[in-house]
Amino acid sequence: MVEMDGDEMTRILWKMIKEELILPFVDLKAEYYDLGLPERDKTNDQVTIDSAEATKKYGVAVKCATITPNAQRMEEYKLHQMWKSPNGTIRSILDGTVFRAPITIPSIHPCVKNWEKPITIARHAYGDVYKSVEIRTTEPGVAKLVFEGESGKREEIVVHEFKGAGVVQGMHNTDKSIRSFAHSCFKFAVDTKQDLWFATKDTISKKYDAQFREIFQEVYDQEYKAEFEKLGIEYFYTLIDDAVARVIRSKGGFIWACKNYDGDVMSDMLSTAFGSLAMMTSVLVSPEGNYEYEAAHGTVTRHYYRYLKGEETSTNPMATIFAWSGALRKRGELDGLNDLVNFADQLEAACFDTLNEGIVTKDLVNLMECVTPKAVNSADFIKAIRERLEKRFN
């Protein structure tokens, strides 16, 4: 399988998890790629492209959280340029859909009191703002959107007539990718026997967002409607602002399909409402059947700066551990390695054993009910999981 290392505090946790929870139990054969920001800058981001191509070759990858640099990061890391999101680059190469669902335990109840079951976000993994191009203009002028077809057909529309400085952004998507997104969502709904909701803003974006709505409806009508009706599950489209209201009023237990950026934001909202950003599984599934498991949260910069000062940190590693367990389980399933599948199951069970006994990182202390939590640092939390994992094999 492919291993993609990352940045800052999550990179520190990555090493701890490998040393305590993976290497003592698994004969790991991984092709390693360092996606830390210094290495990406050193290789002109070629290492990110190589890691995605390797995922297409081997079929399974596990990825640590990485930095998407802004102006401050460019200065901090002395970068040659402001590199694009590595997740965006990988997703563009693999295409497919990101499925994200909260990791739930009995002692942590959702902030939304009527949510009884997890809500899964199905996030389109291609295009939109993650593949956008931008211009910063400092003078009056006209911005135009131009398309020149191979047939010679030319279309042109004025975006804005600037009277002074401003910014312009252009983004795209393809029918092929949208169609793959739709198929992934419908198949996942059938496999898990859950309702599927899809939401965009086609009343405002009458061509871009409307194309998503139309393709979803076409794919559903032609290939999945009968199966949905047979299973007694529902597909429907609604505006994203209406979807937000419905989600809050719902009992959960469904899949919410979102465009790329919408899915990014809404998955963070859902994970926080269910407990913590670090309590969220995330897997990218490509149309060709390639899988990339990752931690859905960021690199926990604040904790990293404290770590560099020698201070103790209590960073939650659950999402990163579940990225490893998900990737190992999928590798085992694809290769018929039952022992590897069992290890992944036992690793996750050991995590739940630890949490259910009240041994937690600080982010979960104030969320737990009917349990007296004991806050520990990151290293001790991972060691506690290892103790319970070893018990399960003895």
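Quick caveat, the model's predicted, so the values are computed rather than measured.

Engineer: Just to check I follow, could you spell out the overall build of the protein chain for this structure?
Structural biologist: A tally of helices and strands in the protein chain yields 14 helices and 16 strands. Relative to the globule expectation of 21 Å for 394 residues, the C-alpha radius of gyration of the protein chain, 22 Å, shows essentially globular dimensions. A burial count over the protein chain gives 52% of its 394 residues as buried. Counting only contacts in the protein chain whose residues sit at least 6 apart along the sequence, the fraction spanning at least 24 positions is 76%. With an accessible surface of roughly 19,000 Å², the protein chain has 51% of that area assigned to carbon and sulfur atoms.

Engineer: Looking at this structure, I do not really get helix H5 (residues 86–94). What am I missing?
Structural biologist: Turn by turn, an α-helix covers 3.6 residues, leaving residues three or four places apart pointing in a common direction. Burial analysis of H5 places eight of its nine residues in the buried class, which makes it a mostly covered element. Here H5 has its buried residues at Pro86, Asn87, Gly88, Thr89, Ile90, Arg91, Ser92 and Leu94. The N-terminus of H5 is capped by serine 85, whose side-chain oxygen sits 3.3 Å from the backbone nitrogen of asparagine 87. Looking one or two residues beyond H5, the residue adopting positive phi is aspartate 95, at roughly 60 degrees.

Engineer: Hey, could you run me through the sheet that holds strand S11 (residues 235–239) in this one?
Structural biologist: Each strand in a sheet pairs with another by means of backbone hydrogen bonds, the pair being arranged parallel or else antiparallel. Taken together, the ten strands give an open sheet; going across it, the order is S2-S1-S3-S14-S13-S4-S5-S12-S10-S11, and neighbouring strands pair in mixed fashion. The open sheet has two free edges, formed respectively by strand S2 (31–34) and S11, since each of these has just one partner strand. The average undirected angle you get between the axes of adjacent strands in this sheet is 20 degrees. Bridge analysis of strand S1 (residues 2–5) against strand S3 (residues 60–63) gives three bridges, and the strand direction is parallel. The residue bridging glutamate 3 from the neighbouring strand is valine 62, located in S3. With respect to the sheet, helix H1 (residues 8–22) is in contact with S1, S2 and S3, its orientation differing from that of S1 by roughly 140 degrees.

Engineer: Even after reading the chapter, I still don't get the environment of aspartate 5, so can you show me in this structure?
Structural biologist: Topologically, aspartate 5 is positioned in strand S1. Considering only alpha carbons, one finds aspartate 5 and glutamine 72, 67 residues apart in sequence, at a separation of 22 Å.

Engineer: When you look at the pattern of salt bridges in this model, what are you seeing that I'm missing?
Structural biologist: For side chains of opposite charge, pairing can occur when their charged atoms come near one another. Evaluated as defined, the whole model comprises 32 salt bridges. Salt-bridge contacts for glutamate 53 lead to lysine 56; the nearest nitrogen and oxygen are separated by 3.9 Å. Taken together, the residues span about one helical turn, with glutamate 53 and lysine 56 both in helix H3 (residues 46–58) at a distance of three residues. The class for glutamate 53 is partly exposed, based on a relative accessible area of 38%.

Engineer: How do you make sense of the layout of surface pockets when you look at a structure like this?
Structural biologist: A probe matching the size of a water molecule, rolled over the atoms, marks out where space remains unfilled. Counted as a void, the largest pocket has a volume near 1,100 Å³. In terms of lining, the largest pocket is formed by 29 residues, of which the most central are Leu145, Ile157, Gly170, Met171 and Tyr208. Where the lining of the largest pocket is concerned, the elements lending two or more residues are strand S6 (133–137), strand S7 (141–148), strand S8 (154–162), strand S9 (166–170), helix H6 (175–192) and helix H7 (208–231). Take the lining of the largest pocket: its biggest share by element is seven residues, from S7. A class-by-class count of the residues in the lining of the largest pocket yields 15 nonpolar, eight polar and six charged.

Engineer: Looking at this structure, how should I read empty space enclosed by the protein?
Structural biologist: Following the criterion strictly, the structure yields one cavity of 30 Å³ or more and no others. The calculated volume of the largest cavity comes to roughly 30 Å³. Ile103, Thr104, Ile105, Ile108, Phe274, Gly275, Ser276, Met279 and Leu364 are the residues that line the largest cavity.

Engineer: Please clarify how the packing of H1 against helix H11 (residues 318–335) should be interpreted in this entry.
Structural biologist: Helix-helix packing: each pair is described by the crossing angle between the helix axes and the interaxial distance. For the pair H1 and H11, interaxial distance at closest approach is 10 Å and the crossing angle is 55 degrees. By the angle between their directions, the pair H1 and H11 is classed as oblique. In terms of crossing hand, the pair formed by H1 and H11 is right-handed. Contacts from Trp14, Ile17, Lys18, Leu21 and Ile22 of H1 reach H11 at Thr320, Ile321, Trp324 and Leu328.

Calculation rules
- Residues numbered from 1 in each chain as written.
- Predicted model: local features only at pLDDT ≥ 70, side-chain atom pairs only at ≥ 80, totals over all residues.
- Heavy atoms only, no water.
- Helix = DSSP H or I, 4+ residues; strand = E, 2+ residues; numbered from the N terminus.
- Rg over C-alpha atoms; globule rule 2.2 N^0.38 Å.
- Buried < 20%, exposed > 50% of the residue type's maximum accessible area, 1.4 Å probe, protein only.
- Contact = heavy atoms within 4.5 Å.
- Areas by Shrake-Rupley, 256 points an atom, 1.4 Å probe, with all protein chains shown as cover.
- Polar contact = N/O pair within 3.5 Å; in protein donor to acceptor, adjacent residues only side chain to side chain.
- Pairing = 2+ DSSP bridges.
- Axes fitted to C-alpha atoms, helices over the stretch in contact; angles between N-to-C directions.
- Salt bridge = Lys/Arg side-chain N within 4 Å of Asp/Glu carboxyl O.
- 1 Å grid on protein atoms, 1.4 Å probe; cavity = no way out; pocket = protein on both sides within 12 Å on 5 of 7 lines; lining within 4 Å.
- Points joined across faces, edges and corners; volume = space filled by probe spheres on them.
- Nonpolar A, V, L, I, M, F, W, Y, C, P; charged D, E, K, R; others polar.
- Parallel < 35°, antiparallel > 145°, perpendicular 65-115°, else oblique.
- Left-handed = near helix turned anticlockwise from the far one by under 90°.

Keep in mind these values describe shape, not function.
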